[in-house]
Amino acid sequence: MEISTERLAPGDAGFDRAASILRAGGRVAFPTETVYGLGADARDDRAVASIFAAKDRPSFNPLIVHVENVEAAGRFAELGPLALRLAETFWPGSLTLVLPLAPNSSISQLATAGLETVAIRVPASPVAHALLARFGGPVAAPSANPSGRVSPTTADHVLAGLDGRIEAILDGGACPVGIESTIVDLTDRARLLRHGGVASEAIESVLGTPLLPPPPSEDARPSAPGQLSSHYAPRATVRLNATEADADEVFLGFGPGLDSAQNLSAAGDLTEAAANLFAALHRLDQSNVKRIAVAPIPETGLGAAINDRLRRAAAPRG
Ligand code: TXA
Ligand code: MG
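Here goes a summary of the coordinates provided. From a predicted model like this one, the values you see are computed outputs, not experimental measurements.

1. Description of the pattern of salt bridges
So, point 1. Tallied over the full model, the rule gives 17 salt bridges.
So, point 2. One salt bridge connects glutamate 6 with arginine 17, and the closest N-O pair in it is separated by 2.7 Å. Pair noted here: glutamate 6 is in strand 1 (residues 6–8) and arginine 17 is in helix 1 (residues 12–23), with a separation of eleven residues, a long-range link.
So, point 3. Looking at arginine 17, the relative accessible area reads 37%, which means it is partly exposed.
So, point 4. Shared partners join several salt bridges into a network, and the residues in it are Glu180, Asp308, Arg309 and Arg312.

Written out as structure tokens, the structure reads:
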């Protein structure tokens, strides 16, 4: 059913309106520093279900719960010493921790997919923070894109996929990090579940030990079913590690010395490339490009997260 999506500006009136929509069980897309999230009250089964409906997303995927600060996180999850140390260093910011659910936690079982764990983070975006503070509760939010498509880093990207399917969007401009949060599971030994906006090297240096790698096979990780192989997919096909474009391709470059108008970072800066990645894929989709050839990206720092998203964009479509 088509509804009319309110476009709200950040500011007292917009935050109040967004919070009251959340309180009434509605969906509000909002900017975080990573990507736009599609938020709803994480304690409200119907509201969480309506997120899946808007995204056409398989409902067994657990969602990330966004909270205002570490105290709020402690109401819903058990933060042990390692979690507290990572939270102190990286929150607010682009790190999601998978932790045991707190006893009597009020989080909807739909948001956790019935697991005894919860993925939780404190976003750094001031707009996200203002919304969480006004609302005063936990907000479940996957990225605000139709399932399987490229994540949104601007309000226009969100509306291109979800206009008429959600109650409102808070327009906070472009997301500065541009790639989703890093996910670390601390329920057993610290394990990286998804590369993202905080480099795994930075997390390891705080932990003082290496992170265990993500479980190798997709089938072997029922606890993170969001990791489908074709994901973050633009409409165009994607070819990786290209040194130049074939005649029927558009080149997406990285680093200096390229005439190409499409360059993730002419300076060869991985942070800048992460911030530009999804916007570049959205732009190429909008200009109806059919084939994209992408330059090699170094696998260090944020390069690991960029390459993970590019491999999924290049994976065979289901
Ligand atoms: O940057 C981000 O993380 C964005 C913004 C909006 O915060 N959110 C985001 O959410 O990327 P989503 O739903 O697209 O990805 C959530 C990931 C999925 O891969 C899911 O499987 C995993 O988190 N996840 C959630 N709860 C989990 C849990 N209890 N155990 C393991 N993985 C979990
Ligand atoms: Mg997503």
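From this point, the discussion proceeds with the structure in view.
2. Observations regarding the sheet that holds strand 12 (residues 250–252)
Each strand in a sheet pairs with its neighbour through backbone hydrogen bonds, running either in the same direction (parallel) or in the opposite one (antiparallel).
So, point 1. As summarised here, the arrangement of the three strands in space is 11-13-12, forming an open sheet in which the pairing is parallel. The two strands at the open ends of the sheet, each matched to only one other strand, are strand 11 (237–239) and strand 12. Shown here is a sheet whose adjacent strand axes are inclined to one another by a mean of 30°, direction ignored.
So, point 2. Note: strand 12 against strand 13 (residues 291–294), three bridges, orientation parallel. Bridge assignment links phenylalanine 251 to a residue of strand 13, and that residue is alanine 293.

3. Topic: the layout of surface pockets
So, point 1. When its volume is computed, the second largest pocket comes out at roughly 240 Å³.
So, point 2. Lining the second largest pocket are 15 residues, and of these Arg149, Ala160, Arg235, His282 and Asp285 lie nearest its centre.
So, point 3. The set of elements that each furnish at least two residues to the lining of the second largest pocket consists of helix 6 (155–162) and helix 8 (270–286).
So, point 4. Its residues placed into classes, the lining of the second largest pocket shows seven nonpolar, five polar and three charged.

Cut-off values and rules
- Residues numbered from 1 in each chain as written.
- Chains lettered and ligands numbered in written order.
- Predicted model: local features only at pLDDT ≥ 70, side-chain atom pairs only at ≥ 80, totals over all residues.
- Heavy atoms only, no water.
- Salt bridge = Lys/Arg side-chain N within 4 Å of Asp/Glu carboxyl O.
- Helix = DSSP H or I, 4+ residues; strand = E, 2+ residues; numbered from the N terminus.
- Buried < 20%, exposed > 50% of the residue type's maximum accessible area, 1.4 Å probe, protein only.
- Pairing = 2+ DSSP bridges.
- Axes fitted to C-alpha atoms, helices over the stretch in contact; angles between N-to-C directions.
- 1 Å grid on protein atoms, 1.4 Å probe; cavity = no way out; pocket = protein on both sides within 12 Å on 5 of 7 lines; lining within 4 Å.
- Points joined across faces, edges and corners; volume = space filled by probe spheres on them.
- Nonpolar A, V, L, I, M, F, W, Y, C, P; charged D, E, K, R; others polar.

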